[in-house]
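Chain and residue survey
Okay, here's what each chain looks like letter by letter:
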Amino acid sequence: MNINPIKTTLLTALICIITGSSSFAQKFEGLAQTPPMGWNSWNTFQTNIDEPLLKGMVDTYVSSGMKDAGYTYFVLDDGWMGMERDKDGNLVADPKKFPNGMKAFSDYVHSKGLKFGIYNCAGTKTCAGYPGTRGYEYQDARLYASWGVDYLKFDWCNSEGLNAIEAYTTMSKAIKAADRPMIFSLCEWGQHKPWRWAKNVGQLWRSTGDIYAGFDKNLNKGTWTASSVLTILDQQDSIRQYAGPGHWNDPDMLEVGNGMKYNEDKAHFSLWCMLAAPLMAGNDLRKMSEDTRAILTNKDIIALDQDPLGIEAFRFYAFDGIEIWVKPLANNELAVCFLNRSDHPQTINYNWKEHAIKDAVSNTGFDFSQTTYKLRDLWSKKDAGTTAKLFSKLIPADDVVVLRLTKE
């Protein structure tokens, strides 16, 4: 069936207007004032999960330093439930995977000082073919509340014939009616521009298709294409004005530790923190290398992501494979990320005084000819001079240098 894109756009705009008043302030306010941080089971395990494995992951979450670094949520993705609802229409945890039930597992997560997240889908079935939520929104929300769920990731598979705004608004209202505050993560892949309408529906929304552990080249999966880190990065700059405390653009989960090179992992993590992205690790925490652990727990980089001003970075400069991304921070500070997208090392020689920075979104400005800032290299953890002098640095291919600027 051919769909007229103009009619579809007009219909979406009309629905936004109609639902605007009914969805206003319907979500739980005060949640996710900074981007949520956690771990999700999908990227490494897909549906191959069970209670012993996940309890071990919870334990490692705490012992590895992830919790101390600020990661809070432990999120079960697809595959946790049985293939059929029970006689009363309730979802049930797969009895082989979770013989003690989901409430017991939720209690275990909470006992470790973490918060518990779970997954379902707006369609009739999940992406892996398990029971979806369509038609059971209020019943499922009450069940999640009874289990102590703190975070719901809500996907968009098997959703033919559904209207995204209506489907996600209904689930948002169901969560509110269940009367347990939980973060609502809209995972409809950015297809219906959720940044334009989801601010009062959920706390975060996917802005792209699915990521995979590739830095600069997409991966053809046959019926769909998985996106690389840089492909996703290029889609964020134009929608940064829609994000802020309590409502975040989500460029998908982290692939740190899942097969990319060290410098690519470091760049990926740096860029996601510059973007004020939700930080959902997806590696096997039990097997992560010291390099992976050091990247995921770099508190100086994480502090950029968690900055209370909540401003996404923007691409300030791009030439010959070098890009400069800047992120205004609280207290009139600034983060600057130099990204080398080329296939060879490049030396940057940057004269701060020649490049004043203005940002209309945050209404901030930085004139280095008038004010001098100290530079702190957040990966080397060393001072790097001031903006009064030329900044010179060799950057390897597919790598970054991240600086935090504070007034002298």
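1. What about the state of the cysteines?
Enumeration over the complete set of coordinates arrives at 1 disulfide. Here Cys127 engages in a disulfide with Cys157; their sulfurs sit 2.0 Å apart. As the torsion about the S-S bond is roughly 95°, the Cys127-Cys157 disulfide counts as right-handed. Separated by 30 residues along the polypeptide, Cys127 in the loop between β3 (115-121) and α5 (137-147) and Cys157 in the loop between β4 (151-155) and α6 (164-178) bring together distant segments of the chain. The class of Cys127 is partly exposed, set by a relative accessible area of 38%. Assessed through its relative accessible area of 16%, Cys157 is described here as buried.

2. A look at the pattern of salt bridges
Under the defined criterion, the tally for this structure stands at 24 salt bridges. Two residues, Lys217 and Asp216, come together in a salt bridge whose shortest N-O distance is 3.7 Å. With relative accessibility at 56%, the residue Lys217 sits in the exposed group. Looking at Asp216, the relative accessible area reads 38%, which means it is partly exposed. Linked by salt bridges that have partners in common, Asp234, Asp237, Arg315, Glu323 and Arg341 make up one network.

3. Topic: helix α4 (residues 101-111)
Turning to α4, its buried residues number three or more, namely Met102, Phe105, Ser106 and Val109. Projected down its long axis, α4 carries its buried residues within an arc of 100°, all on one side. For α4, the elements touching its buried residues are α3 (51-63), β2 (73-75), β3 and α5. Looking one or two residues beyond α4, the residue adopting positive phi is Gly113, at roughly 80°.

4. So, the nonpolar core
The biggest cluster of nonpolar side chains holds 93 residues, and the ones touching the most others in it are Trp80 and Phe269. Top element by residues in this core is α6. It accounts for 8 residues. Judged by nonpolar contacts, the second largest core, of 20 residues, contains Phe314, Val326, Leu403 and Leu405.

5. Structural notes on unusual backbone geometry
Non-glycine residue Lys193 carries a positive phi angle of around 50°. With relative accessibility at 38%, the residue Lys193 sits in the partly exposed group. In this model, Asn331 sits at a positive phi of 60°, which is unusual for a non-glycine residue. Residue placement: Asn331 occurs in the loop between β12 (322-329) and β13 (333-340).

6. A few points about the sheet that holds β13
Strand order in the open sheet formed by 6 strands is β11-β12-β13-β20-β17-β18, with antiparallel pairing between adjacent strands. The strands lining the two open edges of the sheet, one partner per strand, are β11 (314-319) and β18 (382-386). Averaged over all neighbouring strand pairs, the angle between strand axes comes to 25°, with direction disregarded. Two strands pair when backbone bridges link them, and β13 and strand β20 (residues 399-407) are joined in this way by 7 bridges, in the antiparallel orientation.

7. Quick look at the packing of aromatic side chains
Throughout the structure, instances matching the rule amount to 21 aromatic pairs. Note on Phe154 and Tyr168: the rings are 5.7 Å apart at their centroids and 85° apart in plane angle, and the pair reads as edge-to-face. Taken together, the residues Phe154 in strand β4 and Tyr168 in helix α6 connect sequence positions 14 residues apart. Residue Phe154 is classed as buried on the basis of its relative accessible area, which comes to 1%. Using a relative accessible area of 0% as the deciding quantity, one classes Tyr168 as buried. Residues Trp156 and Tyr168 carry aromatic rings whose centres are separated by 5.6 Å and whose planes lie at 35° to one another, so their mutual orientation is tilted. One end of the pair, Trp156, is in the loop between β4 and α6; the other, Tyr168, is in helix α6, with 12 residues separating them in the sequence. Put simply, the rings of Trp39, Phe45, Tyr61, Phe74, Phe98, Phe105 and Phe116 touch in pairs and so form one group of aromatic residues. Seen from the ring of Tyr136, Arg85 lies directly overhead, with NZ or CZ sitting 3.6 Å from the centre.

Reading the values: rules and limits
- Residues numbered from 1 in each chain as written.
- Predicted model: local features only at pLDDT ≥ 70, side-chain atom pairs only at ≥ 80, totals over all residues.
- Heavy atoms only, no water.
- Disulfide = S-S within 2.5 Å.
- Helix = DSSP H or I, 4+ residues; strand = E, 2+ residues; numbered from the N terminus.
- Buried < 20%, exposed > 50% of the residue type's maximum accessible area, 1.4 Å probe, protein only.
- Salt bridge = Lys/Arg side-chain N within 4 Å of Asp/Glu carboxyl O.
- Arc of directions from axis to C-beta.
- Contact = heavy atoms within 4.5 Å.
- Core = buried A, V, L, I, M, F, W, Y, C linked by side-chain atoms within 4.5 Å.
- Pairing = 2+ DSSP bridges.
- Axes fitted to C-alpha atoms, helices over the stretch in contact; angles between N-to-C directions.
- Phe/Tyr/Trp six-rings, centres within 6.5 Å; stacked < 30°, edge-to-face > 60°.
- Lys NZ or Arg CZ within 6 Å of the ring centre and 35° of its normal.

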